[in-house]
Amino acid sequence: MEVYFDNAATTKIIPEVRDIMLETIDEEYGNPSSMHIKGVGAERYVKNAKDQISKQLKCDSKEITFTSGGTESNNLALIGMARANCRAGKHIITTPIEHASVYNPILFLQDEGYDITFTPVNEKGIVDIEQLKKQFTNETIIVSVMAVNNEIGAIEPIQEVADAIKEYNKENGTNILFHVDAVQAFGKCVIYPKRIGIDAMSMSGHKIHGPKGSGALFVDSKVKIKPIIYGGGQEKGLRSGTENTAAIAGMGKACEIMYKRLDDNIASMQKVKERLINGALEIEGVTDNSGEAPHIASLSFEGVRSEVLLHALEDKGICVSAGSACSSNHPAISGVLKSIGLKKELLESTLRFSFCEYNTIEEADYVVEALKELLPMLRKYTRR
């Protein structure tokens, strides 16, 4: 049996997405910036994808900019807004559990002279709102908090963060901007950035059965932001470079489909997650670190290194992750797990299981049985 429980890393492209991508490759292969009929045809796919995404976010399609993925969207939002608003201040607040594509641009900005504050999270990975409020200053220009953590599935209180920012701005005449990395939330929960009070929000296509190399950034029309890629001025001058029409069309279609099936998808993933966690907790020495997101489970297995268990599961046709896929080629202690205060002996013994709507209860049961078989054997041979 083959089980793919690594959907937070990437998802399989669904047939409807593949079909529209092939349409653009075979028929509308023109450059979207060209004025002739082939260019106009390609541009139509780009415009349609913006309409599909903006419809689900309840924003203007002009507020959507296409990128190469969540990493570029996060870089553009953070560096672009910081550079455009540096005269108002150079203080940025974020959390210690952000994805590397937020954390590393933040460190870059710190090297550029920006003052960075990492606001704490509790043992569940949730931002401390009262502590956050105390960290606002009249020099603060950006607060960046992810919507759903990619390792443990913690759902952050982004509405409360937005409300705190609004209140401070109103009382102090400041203009703190709110950025949300929504890569693990987009297509998996309802999120309306303008209603919440989000100024910029990052999204990715390959987490929702769209193609790799596709991403988008929502930027509220009132927000000042500078490009970080310069060239021909595509995407309203914010993101130069010939648009990847096939990937954009695929992401738009995936967004449309995922939101059409949203309630059913959430219920399906939640059932699989609960079945896996409940079964795994029957095994001695298993700890559940999972947040509320329906598609991510984090489990620690005392006495077994994560890489060892990962490959033992792989031998049984089960694909899981030892953490964020973006750092899996460079194993290190997870900053997320440290930040939630996970016991030292579990930091290197944790796996992430992540689901999509195509996963089944039977697959969860198969994984639990594999864990029950493997863990006693692996613990027996673990050096102590």
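Residues numbered from 1 in each chain as written. Predicted model: local features only at pLDDT ≥ 70, side-chain atom pairs only at ≥ 80, totals over all residues. Heavy atoms only, no water.

Student: What is the right way to look at the sheet that holds strand S12 (residues 350–354) in this model?
Tutor: Pairing in this open sheet of three strands is antiparallel, and the strands run S9-S10-S12 from one edge to the other. Edge strands, defined here as strands with exactly one partner in the open sheet, are strand S9 (286–288) and S12. Each adjacent strand pair in this sheet contributes to an overall mean axis angle of 30°, direction not counted. Packing of helix H9 (residues 262–280) onto the sheet brings it into contact with S9, strand S10 (296–301) and S12, and relative to S10 it is tilted by some 10°. The strands touched by helix H10 (residues 306–314) are S10 and S12; relative to S12, the strand with the most contacts, the crossing angle is about 40°. (Pairing = 2+ DSSP bridges. Helix = DSSP H or I, 4+ residues; strand = E, 2+ residues; numbered from the N terminus. Axes fitted to C-alpha atoms, helices over the stretch in contact; angles between N-to-C directions. Contact = heavy atoms within 4.5 Å.)

Student: Is there a simple way to think about the pairing of strand S2 (residues 64–67) in this case?
Tutor: Consecutive side chains of a regular strand alternate in pointing toward one face of the sheet and then the other. Here S2 shows a buried face lined by Ile64 and Phe66 and a second buried face lined by Thr65 and Thr67. Pairing analysis gives four bridges linking S2 to strand S8 (residues 215–219), with the strands arranged antiparallel. Bridging across to S8, Ile64 finds its partner in Phe218. (Buried < 20%, exposed > 50% of the residue type's maximum accessible area, 1.4 Å probe, protein only.)

Student: Explain the packing of helix H3 (residues 70–84) against helix H4 (residues 100–111) to me, please; I cannot follow it from the model alone.
Tutor: When two helices pack together, their arrangement is captured by the angle between the axes and the distance separating the axes. It is at 9 Å that the axes of H3 and H4 come closest, and there the two elements cross at 30°. As summarised for this structure, H3 and H4 are arranged roughly parallel, according to the angle between their axes. Relative to H4, the crossing made by H3 is right-handed. Between H3 and H4, the residues in contact are Gly70, Thr71, Asn74, Asn75, Leu78, Ile79, Ala82 and Arg83 and Ser101, Val102, Pro105, Ile106, Phe108 and Leu109, respectively. Residue classes in the contact of H3 with H4 are distributed as eight nonpolar, five polar and one charged. (Parallel < 35°, antiparallel > 145°, perpendicular 65-115°, else oblique. Left-handed = near helix turned anticlockwise from the far one by under 90°. Nonpolar A, V, L, I, M, F, W, Y, C, P; charged D, E, K, R; others polar.)

Student: Looking at this structure, I do not really get helix H8 (residues 245–260). What am I missing?
Tutor: Because each turn of an α-helix spans 3.6 residues, side chains separated by three or four positions in sequence point in the same direction. With 16 residues, H8 ought to run about 22 Å at 1.5 Å a step, and its terminal C-alpha atoms sit 23 Å apart, in line with that. Counting buried residues along H8, 13 of its 16 residues qualify, which places the element largely inside the surrounding structure. (Expected span 1.5 Å × (residues − 1).)

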